[in-house]
Amino acid sequence: MSTSSPRRSRKPGELALAAALVVPIVVVMGGLVFWPLATSVLDSFYRIDPMRPGTPFVGLANYGSLLADANTRAAWLNTFAYVAMAVVLETIGGMGAALLLNRVKHGRQWLLAITVLPWCLPPVVNAIVWMWIFNPSYGLLNHALLWLGVIDARKVWFNDQATALFLVSLVHVWRMMPLTAVILLAALQSIPRDLYEAARLDGAGPIKSFRLVTLPLISSGLAIALSQSTVFAFNLFDEAWILSGSSLDTRSVIIQVYLTAFQNLRFSSGMALSILAMLASLMVSLIYVLRVYRETRYD
Amino acid sequence: MRSLISTLPRRIGTAVAVALLVAWSLGPIYWSLVTSLTPPLHLLGTPSLWPREITFEHYAKLVGATSVSQGNAVQSVWPQFSAALVNSLVTSGLATVVTVVIAAFGAYAFVRLEFPGRDLLFVAVVATLAIPAYTVMIPLYRLMISLKLIDTYTGITLIYVSAFLPLALWLMRSVYQAMPISLEEAAWLDGAGRIYTLVHIVLPLSAPGLIASAILTFLNAWGQFMVPLVFSPTLATKPLTVLIPEFVTRNYIDFGLMNAAGILAIIPPVLLVLFLNRYLVSGLMAGATK
Amino acid sequence: MKRRDFLASALTLPLLAAFAGSAFAADTLTVLLPPWGTLPKEMTDRFAKDAGVTLDAQTLGWDDIRTKIITSMVAGTAPADATEVDWSWVGQFGSAGWYEPLDDKIDKTVVGDIPTASIFRYDGKLLAVPYSNDFRILIYNKAHLDKAGIKAPPTTPDELLAAAKAVKSAGIAEYPIGLPLSATEGTSTAWYLLTKAFGGDLFDKDFKPLFTAKDSGGYKALAFEIGALKDGLIDPAATGLKDVEVHEVFKAGKLTFDVAGWAGNLSVYSDPAKSQVANDVAAALMPSVTGKSRTFGLPEAVGIPTGAANAKAAETFITWLNMPQNQIAAYETLGNLPPRMSVLRTLNEQGKLKQGDVLLEQAAVVEPLIAQGTPGWYPQFSTAVASAINQAAKGQLGVDEAIAAIAKAAEDAQSN
């Protein structure tokens, strides 16, 4: 990338300036993220269990036992389902919201504030509001569907795994979609208007100009939005925990990490699982980034 | 000039889309509001779209001087609530300012300046987005203890910055990359320095990106739970997200109180978004394209 | 240039931060407790005056305290000078050696007055002293039984089922029995309680499961729960209900029996401001097949983590908390049932205890869930129990399969 970018001949002092601008990043990320991460990765090769004496080196044993554990496998499958549903729904919904916000002329700032509201609600309150909506006896969902005639008897939504996974994802999507919308809106805002004008003069309709102008120019924003929704979906915890506890139907990988490390005190095993979760979300994100990310400069 | 007839379907489409978006976003919030206004004894009944009987007792518990619990007059939770509200504002605000400043200047270096290890460093920083909080929590706790930063605004702010900097940095980098270099080149030809160009030409043009980064960082920090749970043991720095679950008493989940607290908690970020939003959608790019 | 100053200050902020740590005064006692352990200001002021130490009370939500304690202890520091210790953590915290033994520090006559203190012994050492008593008792809606023509509360599980059927067929309550069936701890503890009601126990002295045979208490208890669910005596929605949500349903007058009732809840149920059944609620001894009622204790206690900066003051605090007048004050302001039997009796004589006679009678037979003490693997086992019961209630597992899954979970939890 750097080789293709047009560049000024290096001025004296450029390196010093770069250092001054980058040092805060290196200090903060190095001290507060990379160093703790390295410690945890190292710990995951030992047996760290406060209930047993000693911390012997066990190599990959923690990782090996995770592969053999049926509960962990179930948690992985649930998490993949969450990621797939959350990423698709958040991207489609967020793109729609961003395009709409970009187009609306009157009261746009109010519409944006309304769009962002779900994200402002404290996560615990969010999960509890939905818990009441899904409540089989007193919840809005059953009453509304009965009234509309969609169902003829009250449903216990979380008794069916597929429905439960979808509803947990829905709560997550409701909260996180504004993030995608804000990122895409910022990207849309930086597209110069004359490009659309030019496309229109070339006879491109709205769909064609979206494909030819909008998509390429927001591709880096889209990569960011896709990656962050993937990462947040891999880290899903509150929604599943509050809506259905440790149920195997909805247990996510991070819930399994919590149970392993903070409930069963198998600390290094929990760290190993959380590192695997990190690698998995990195790998999935990388797929988008490589596919979607293109350098978009026009100079 | 197009006729009204030909734009009518488009207008109706837009109106329907706006209505859907508003209903989707506000529906559950409205439901939370209704719950916060419903007397506790009416919570378990057939749900109705508006409360049959409105009570402000949950809000009174939050903001009043005293309230009644289990038949006893007890101190209201307002002192805790207001302290936590201030903590949420201070930590999220500080984290936002520091993150956006570091990201705005740092991302510029990643786009326009050459230095060894540039791309590797960028990828490494962005990759940390994927780290679950649990992975680093215990080593981070040891570090914060040794720096004596537990239960300080500085400590919480630093952790938030380290958590939200990658996203802001990535966003700002993509914004700078999309910006025509010709504008800067014109300024350099006039003899302007890098910093001058960055501050006076690049940053104003990047306003939508800066504001989006600020909103993202602020709201991410506002909703944090795990970090303050461990690093903010007392009301010196404890935010609303950690305080609100404490309204679950052992015998009794105070749904009304939790929802009332939630409704009050969304006001400050919404005001901020309304305020910042002027800059996010004010079409500042107009200057770049004329 | 102004902006450059701003940049410079942003750059130096992290450096300054290193010097801005807060200092703790030596005569402060930090205490980490859940909301119901947070004493009113009047009491903490009195403690400060009595002990000459300022009390710095830190409150955290129930689930979160444990995360906080474990993070701190694994990182090698005490989370506070005195903290909450739940009965279910005793095995873990004991085997990790995280809490100071209190045998020589707390008056023996006080400990002797607290029957549930034995639950907090690990390896014979007392790790924490209870501040809040809790055990399970049958709570029922007397008006429902009256309307159904039932004179006395049930004393056996069969009578309980019969009464529930009568209430249901009379149309008084659609689902008369309240039991949580979600994948949460309350589901597990309800099953343990019913296991005892059916005359069984979870484990023998070698921690071998005693619930696998078809005629065992544990098997019958699970069959009872699933049967009642299938007969429409338990709401199908119970698969999503935690214990505290079952309580809400009982307070709304929609349940006849809160089978795994919390002793401390009687004061909430009979409060007209909180409950629609305030005048109808009553308590009875846990039904039993043997004629002798059994129940188990789930008390909460305060302990001193190793490495606490101000362990001496923490000791004073625990002693102070156990004084009769302070236990009574905590009961009156926070609803914590006093752990000391002598205090409970005093309260009952003064007529301050709701359903006091039944409470005292049940309190006298409180036993620990597991006779040899809570083992370190209990939390893992208990989570698996809740998940298996939840699956059985959703129809994903039969009773036999669920029991087998629980037995396997016990084996897995112990083998690690």
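Here the structure is a predicted model, which is why all the values come from computation and not from measurement.

1. Re the overall build of chain A
And then number 1: Helix and strand counts for chain A stand at 13 helices and 0 strands.
And then number 2: Moving toward the C terminus, one meets the helices and strands of chain A in the order α-α-α-α-α-α-α-α-α-α-α-α-α.
And then number 3: Dimensions of chain A, computed from C-alpha atoms along their principal axes, come out at roughly 70 × 65 × 30 Å.
And then number 4: Across the 299 residues of chain A, 52% fall into the buried class.
And then number 5: Look at the contacts in chain A between residues 6 or more apart in sequence, and 71% of them connect residues 24 or more apart.

2. Considerations on the sheet that holds strand S1 (residues 28–33) of chain C
Hydrogen bonds along the backbone pair up the strands of a sheet, which may run parallel or antiparallel.
Residues and elements named next belong to chain C.
And then number 1: Sheet architecture is open: 5 strands sit in the order S2-S1-S3-S12-S6, paired in mixed fashion. One side of each edge strand has no neighbouring strand; the edge strands of this open sheet are strand S2 (54–59) and strand S6 (128–132). Taking the axes of each pair of neighbouring strands and ignoring which way they run, one obtains an average angle of 30° across the sheet.
And then number 2: One ladder, built from 2 bridges, connects S1 with strand S3 (residues 82–86); its direction is parallel. Paired with Val-31 across the two strands is Ala-82, which belongs to S3.

3. Let's talk about the interface of chain A and chain B
And then number 1: Taken together, the contact between chain A and chain B spans 88 residues of the former and 86 residues of the latter.
And then number 2: Of the residues contributing to the side of chain A that touches chain B, the split by class is 59 nonpolar, 18 polar and 11 charged.

4. Let's talk about the packing of helix H3 (residues 70–103) of chain A against helix H12 (residues 253–263) of chain A
And then number 1: The N-to-C vectors of H3(A) and H12(A) enclose an angle of 150°; their axes lie 8 Å apart at closest approach. Mapping the contact onto sequence places A:Asn71, A:Thr72, A:Ala75, A:Trp76 and A:Thr79 in H3(A) and A:Val253, A:Ile255 and A:Gln256 in H12(A).

5. A look at the environment of B:Glu184
Residue and element names in this part refer to chain B.
And then number 1: Locating Glu-184 in the fold gives a position in helix H7 (residues 182–189).
And then number 2: Between the C-alpha atom of Glu-184 and that of Val-202, which follows or precedes it by 18 residues, the distance is 7.5 Å.
And then number 3: Setting aside anything within four residues of it in sequence, one finds Glu-184 in contact with Thr-197, Ile-201 and Val-202.

6. Looking at the UniProt feature "domain: ABC transmembrane type-1" (unreviewed entry) in chain A
And then number 1: Feature annotation in UniProt places "domain: ABC transmembrane type-1" (unreviewed entry) on residues 76–288 of chain A, given in this structure's numbering.
And then number 2: Taken end to end, residues 76–288 of chain A is 79% helix and 0% strand, and its first and last C-alpha atoms sit 20 Å apart.

7. Some thoughts on the pairing of S3(C)
Residue and element names in this part refer to chain C.
And then number 1: Judged by how many residues are buried, S3 sits mostly within the fold: 4 of 5 residues are covered.
And then number 2: Here 4 bridges tie S3 to strand S12 (residues 300–303), and the two strands are oriented antiparallel to one another. Each residue of the ladder has a partner; that of Thr-83, found in S12, is Gly-303.

8. Regarding the confidence of the model for chain C
Residues and elements named next belong to chain C.
And then number 1: Here chain C shows a mean pLDDT of 89. Residues at 70 or above account for 94%.
And then number 2: The secondary structure element of chain C with the lowest average pLDDT is helix H1 (residues 2–17), at 40, and the one with the highest is helix H9 (residues 217–230), at 97.
And then number 3: The ipTM for the predicted assembly is 0.86, set against a pTM of 0.88.

Thresholds applied
- Residues numbered from 1 in each chain as written.
- Chains lettered and ligands numbered in written order.
- Predicted model: local features only at pLDDT ≥ 70, side-chain atom pairs only at ≥ 80, totals over all residues.
- Helix = DSSP H or I, 4+ residues; strand = E, 2+ residues; numbered from the N terminus.
- Buried ≥ 20, exposed ≤ 12 C-beta atoms within 10 Å, placed from the backbone.
- Contact = placed C-beta atoms within 7 Å.
- Pairing = 2+ DSSP bridges.
- Axes fitted to C-alpha atoms, helices over the stretch in contact; angles between N-to-C directions.
- Nonpolar A, V, L, I, M, F, W, Y, C, P; charged D, E, K, R; others polar.
- UniProt positions renumbered as here; feature names shortened; annotations may be inferred.
- pLDDT = per-residue confidence, 0-100.

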